[in-house]
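# Structural overview
Listed here are the chains, written in short residue letters.
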Amino acid sequence: MFSLLLQKELKNIITSPKFTATFLVCSVLILISVFVGINEYENAVAQYQANQEIARQDIAQATSWGRVRNLLHREPNPVQIFVSGVHFDVGRVSSISDYNDVKLSRSPNSDETLFAIFRVIDFAFIVQIVLSLFAILFTYDAINGEREQGTLKLAFANSVSRAQYLLAKFSGIWLGLIFPLLIPILLSLLLLLAFNVPLTTGDWMSIVTLIGLSILYITFFMVIGILVSAITRSSSLSFLLLLVIWIGGVLIIPRLGVMAAGQLVPVESVAQIEAKQEAFRKARWDQYSAELTNVWQEREAQMNGMTEDERRAFRDDNEWTWLEEDDASRKLVQADIITNNRRLLEEAQNRKKVQEQLAFIIARISPVASYQLAAMKIAGTDVELKSRYEESMRAYKDDFSEYIQQKEAEGGGHGGFNITFDSEQGLNIDFGRNDQTLDTSDMPQYQTPELSLSATLGASLFDFGFLGFVTVLAFGGSVFAFLRYDLR
Amino acid sequence: MQNTTIKAAPLLEAINLSKVYEDGVKALNALNVTVREGEIYAMLGGNGAGKTTTINIFLDFIQPTSGQALIHGVNANELPLEAKKHVAFVSENVQLYPNFTAMQNLDFFVRLGGKSNYKRGDYENALIRVGLQSDAFDKKLKDFSKGMRQKCGIAIAILKDAPAILLDEPTSGLDPKAGKEFTRLIAELRDEGKAILMSTHDIFRAKEIADFVGILNNGELVAEKTRAELEGVNLEDLYVEYMAGYMDEVAENGSSLANNLSEA
Amino acid sequence: MFKLIFLKELRDIIQSSRFTISFAVCSVLIILAFVMGAQNYLASKAQYDAAIQENRNQIAANTEWMMVEHSIMLPPQPLMTLVNGVSNDIGRNISMSGRGELRSENTRFNDEPIFAVFRFMDLEFIFGIILSLFAIIFAYDAINGEKNRGTLKLCFANPVSRAGYIGGKLAGSFVGLSVALLIPILIGCALLPVLGVQLSADEWLRLALILIAGIAYFGVFLAIAITISASTVKPSNAFLIGLVVWIFAVLIIPRTSVLISGRIVDVPNVDEITAQKNRYRSQLFDEDRPKMSNFQLPEGTEMEDAMGVFQSFMSDLSEARQEKVDIFNARLNEDYTNKKRQQERLALSLSRISPTSAFTLAATELAGTSLTLQNHFMDAAYTYQESYADFMNEKTGSNRSSGFRMVMITTDDTGEEPDPLDPDELPQFTFESQDVASASQAGMVDLSLLILFNLIFFGGAFRAFLNYDLR
């Protein structure tokens, strides 16, 4: 009986024009998106490699340790072919130096604003927007359409149980929609192989998980479609209702959630934080120069009553100590500034985290948000992408500064140039030994932050579970509704 | 009565009307039918006999391959807009706009027919005349039964007050009482002097009211009888005699119905 | 006759539950877009004001103009939040220097990636994606639905011409639906001042043009849906075809055109260019090093003047370097900008096959958030740079410094505290959107394209219906 019903359902779907249309549109969309994604990824990798090379050359050309600048770049990640997430919106390069804090800037979209006008369409976007729409199209008249045709009565004139009927109906539609989807999906995986996209086992696992998540998401919309179809009498009404649900769930609620959170938890802009940092920096250096003036006045005072020769001797004796003292207090200033910068940033970060958490909680009223958040987590292009990189770059920056300072100390002296201004000798500029070639072989290397598969899966587990939960809930609802359905 | 009307001008006239579809199917073959003032002409025939094609040609929904369809002497396919001023139409399954009330539907279609000076009272009279209860006047059509919708359809035709009326299977699917009322209305309209061309499966009702009965088979008029000629004739026998093809078709339909049942 | 069908069409639309539900949803969405746009604007404005204030405080803490780190910001504008365009993707801050290249930094999405996750809901999104879908939902069964109900036959049993019928139908649905859209649009517009967003006359004009473009775009999809409906028998098939057309117009064509133009026109890597510029700059500095090392004070220079002499020496050197750098950069930039423009032009022209792109471009052009916003902001910044340089020159005596700065710490304490700076003395940076005339000129191409699309598909609907099988 079940297989008979299932066969009828499949036959009904496969022979319908919407099956053909869905199959063609989905195939075109998925393949184009993956093709575009691979293209974008390859461009990003080429750019990344070129930039690495540029940074290497720049370091190689530096002639004094003080002039070594390092640029760190965000490494493209092949799973972004499927879920670009915030990749195009987040900066991709940060300079590493003593003077500036780590800051990712130059997002791909800001470099190529054309891409910002016509946004990237990735696999996750297609699943989220288009396939959910098709899932509705396949199910909106599942029950009430059969009633309108009169076939429901005819079917239940036989000894068919309602639960069995609904299950067969659901399975038939599910197979009828998922199978045509799997074909372009598998083809797109072949496309990855054909273009030699370097995927690790972990990446493959992520992609497979992502496909599983997408199927769960489509199933959710199918179940919602059946549910609405089983609680309404006419298929035109259920279609309208489902469209409203779709628009609300897919397009409106997630955005509303974020905007509401933006209103509830205001966050300072980066410009504002930077201005605060700058103000502190200024104040601290002013304090430093005042201190320095005092120190020199004290030193001057010690020399009171000395003859010119005594003074010179005293100065020569103390010069190294003084230099070290001054240097130490200069370093203290820098350390203070960095500490303050980081404190300000951290405060802003924490506030941002609160905002994000709130936004995502509100957005999750719609399971669509769950899908997107989980997909981005799996792909590693989630909203944390930026802070994750900035944190690891900060850690690297400390190593790097330490290394440079150590090298400078070894090399005897500071980088840059030294200007002395003396009443006797006038003005002198000393560039030190500038023509040396630097051995950077033991320079610390930056490691891009790797997310382990278990970490990404763990982070996406909640959304995965939530999506599964609401799907089961909706399915239960549709069984309940259908058991009480007026078959006339 | 026939003696007085025989001189009346023909209001609906099919002259050598033929229709061959692009796929080569012959729907009509040199059909000649004339309906005069105060006459009912019933076309009998099975599915695909050409009844609806004839009506469609009169309404210019399709062009004839050859021959002419004249309404009030105007060629319906050459001057369709002029011709359609003189004809009203009631379809097999009147549906109208489901979101409109009966009144709104009436108002739209009657105005479309060129009558714009009616008042609400005229609409009400027409609806009462066709037998609709007054509480239904302002109900939306989607809540109407088939019979009620059919009544609205005939009310529209009455209000248009055209000299000729085309009826496409007007009584199919109606219960006997509604069918009877419908027949009575048509007879009344004939008596008011309308020329009525109707297609029908319903041989008994046709015999009851028609002044002429034409039997079509495969696009050809195989027999035409006047009321006088039909007196005493068992119409059913006559029908079956000319309708070998139709019976075959019934057999086919029956078997496909059986298939449906077994599939379900 | 036309009038009768027109009025019937209006009534049919208004009395249908499909209209009621969709109208409610559209109204909520449109009003929401206005409210959220307003809130977003106010929030950005607060952020902007706070940042400006912080920048001023920071300047006021200085005692020397030479030490000032000034930065200018792209002020948020109401139209930017109503039609986002690229405004969230371009850097909003530029740290000012008296000379040299300026770089804009801190894009909204980079600063707050959370907004990039789901993006904003602006008018461009509502019209471009949602209302176009609703146009199809409204009209996919305009013709074949009437046929299925038998009303088409009944209508044509009367002396009704096909042209009159389809004309009334098109006009009725267009007028009915766009008037329906106008209600929430007007409410939304009226809400702007209530929520505290003041628009200038100029901005109202732009907004009106954007909304006209939106309604014209809606009309295109309506006409497309009616054309499809007049070319198919089953409404469900008409809806499917309409959906496929929608997916292509909204999702596929715009993006694919970018892909294709990227393939055809090769634009050099930005980072490569930046690196070339940096290398050239440091190469020039290396070349100047011997000159600096060999610097000698001219004979008989007084000690007090020494510092000034040295600084002007350094400034001259850096001025000379800067000139060379400017020429070098200009050459690199020109090549890059040309290629990029070429790529953009190609992509935009290709994408205009889709009415959605035409609408997006018209709306962003009119709102001042099109691709030109970036250039426009940079142009304003460079204009400002000149007055800033003049100001600094006047205040510090050094010609457009930033070449070299030196602060002398003396051991003789005069006991005087230097006065803090007054940030008001700085020239003000003002950013004016492109004037309405040139913006609407740029937007007019796409607006006329939309109207052309309307004519084409209205014509298409006519043609299809004249051949429609009424039976």
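Residues numbered from 1 in each chain as written. Chains lettered and ligands numbered in written order. Predicted model: local features only at pLDDT ≥ 70, side-chain atom pairs only at ≥ 80, totals over all residues. Heavy atoms only, no water.

### Comments concerning the overall build of chain A
Secondary structure summary: chain A contains 15 helices and four strands in total. Here chain A has a C-alpha radius of gyration of 32 Å; the compact-globule value for 488 residues is 23 Å, and the former is much larger. Along the first, second and third principal axes, the C-alpha set of chain A runs to 120 × 45 × 35 Å. Across the 488 residues that make up chain A, the buried fraction comes to 54%. (Helix = DSSP H or I, 4+ residues; strand = E, 2+ residues; numbered from the N terminus. Rg over C-alpha atoms; globule rule 2.2 N^0.38 Å. Buried < 20%, exposed > 50% of the residue type's maximum accessible area, 1.4 Å probe, protein only.)

### As for the sheet that holds strand β2 (residues 26–36) of chain B
All names here are of chain B. Strand order in this open sheet of four strands is β2-β1-β4-β5, and the pairing throughout is antiparallel. Each of the sheet's edge strands pairs with one partner strand only, and the pair in question is β2 and β5 (74–75). Bridge analysis of strand β1 (residues 10–20) against β2 gives seven bridges, and the strand direction is antiparallel. If you follow A14 over to β2, its bridge partner there is V33. Sheet strands touched by helix α2 (residues 51–58): β1, β2 and β4 (66–71). Its angle to β1, the strand with the most contacts, is close to 115 degrees. (Pairing = 2+ DSSP bridges. Contact = heavy atoms within 4.5 Å. Axes fitted to C-alpha atoms, helices over the stretch in contact; angles between N-to-C directions.)

### Description of the pattern of salt bridges
One pass over the full model with this rule turns up 56 salt bridges over all chains. Measuring nitrogen to oxygen at the nearest pair gives 3.1 Å for the salt bridge that ties D326 of chain A to R299 of chain A. One end of the pair, D326 of chain A, is in helix α12 (residues 308–363); the other, R299 of chain A, is in helix α11 (residues 270–302), with 27 residues separating them in the sequence. For D326 of chain A, a relative accessible area of 15% puts it in the buried group. A salt bridge links D141 of chain C to R18 of chain C, with the nearest nitrogen and oxygen atoms 2.7 Å apart. Residue D141 of chain C is found in the loop between α6 (123–139) and α7 (144–149), and its partner R18 of chain C is found in helix α2 (residues 17–60); the two are separated by 123 residues along the sequence. Using a relative accessible area of 18% as the deciding quantity, one classes D141 of chain C as buried. (Salt bridge = Lys/Arg side-chain N within 4 Å of Asp/Glu carboxyl O.)

### Some remarks on the confidence of the model for chain A
Summarising the model, chain A shows a mean pLDDT of 84, and 93% of its residues fall at 70 or more. Confidence, read as mean pLDDT per element, is least for strand β3 (residues 418–422) of chain A in chain A (60) and greatest for helix α9 (residues 201–231) of chain A (94). (pLDDT = per-residue confidence, 0-100.)

### A closer look at the interface of chain C and chain A
On the side of chain A, 104 residues touch chain C, which itself brings 103 residues to the contact. A per-residue breakdown of the area chain C buries against chain A is headed by I114, F118 and R255 of chain C, which together make up 9% of the total. Across the contact surface, chain C and chain A share four salt bridges. When the shortest N-O distance is used, the salt bridge between E69 of chain C and R281 of chain A registers 3.7 Å. Residue assignment for the side of chain C that touches chain A shows that the elements contributing at least two residues are α2, α4 (108–111), α5 (113–118), α6, α11 (235–264), α12 (270–293), α13 (303–351) and α14 (355–367) of chain C. The element contributing the most residues to the side of chain C that touches chain A is α2 of chain C, with 17 residues. Considering only residue class, the side of chain C that touches chain A consists of 59 nonpolar, 25 polar and 19 charged. (Buried area = accessible area lost by both parts, 1.4 Å probe. Nonpolar A, V, L, I, M, F, W, Y, C, P; charged D, E, K, R; others polar.)

### Considerations on the state of the cysteines
A complete count under the given rule lists zero disulfides over all chains for this structure. Free cysteine C155 of chain C: the closest other cysteine sulfur is in C152 of chain B, separated by 15 Å. (Disulfide = S-S within 2.5 Å.)

### Looking at the pairing of strand β7 (residues 164–168) of chain B
All names here are of chain B. Taking burial as the measure, the five residues of β7 include five buried ones, the bulk of the element. Judged by which residues are buried, β7 turns out to be covered on both faces: A164, L166 and D168 on one side and I165 and L167 on the other are all buried. Bridge analysis of β7 against strand β8 (residues 195–200) gives five bridges, and the strand direction is parallel. Its bridge partner being in β8, L166 is matched across the sheet by L197.

### Concerning the packing of helix α1 (residues 2–15) of chain C against helix α9 (residues 162–195) of chain C
Residue and element names in this part refer to chain C. For the pair α1 and α9, the least separation of the axes is 8 Å and the interaxial angle reads 40 degrees. Relative to α9, the element α1 is oriented oblique. For the pair α1 and α9, the sense of crossing is right-handed. In this structure, α1 contributes F2, I5, F6, K8, E9, L10 and I13 to the contact, and α9 contributes G164, Y165, G167, G168, K169, A171, G172, S173, V175, G176 and L177. Within the contact of α1 with α9, the residues separate by chemical class into nine nonpolar, six polar and three charged. (Parallel < 35°, antiparallel > 145°, perpendicular 65-115°, else oblique. Left-handed = near helix turned anticlockwise from the far one by under 90°.)

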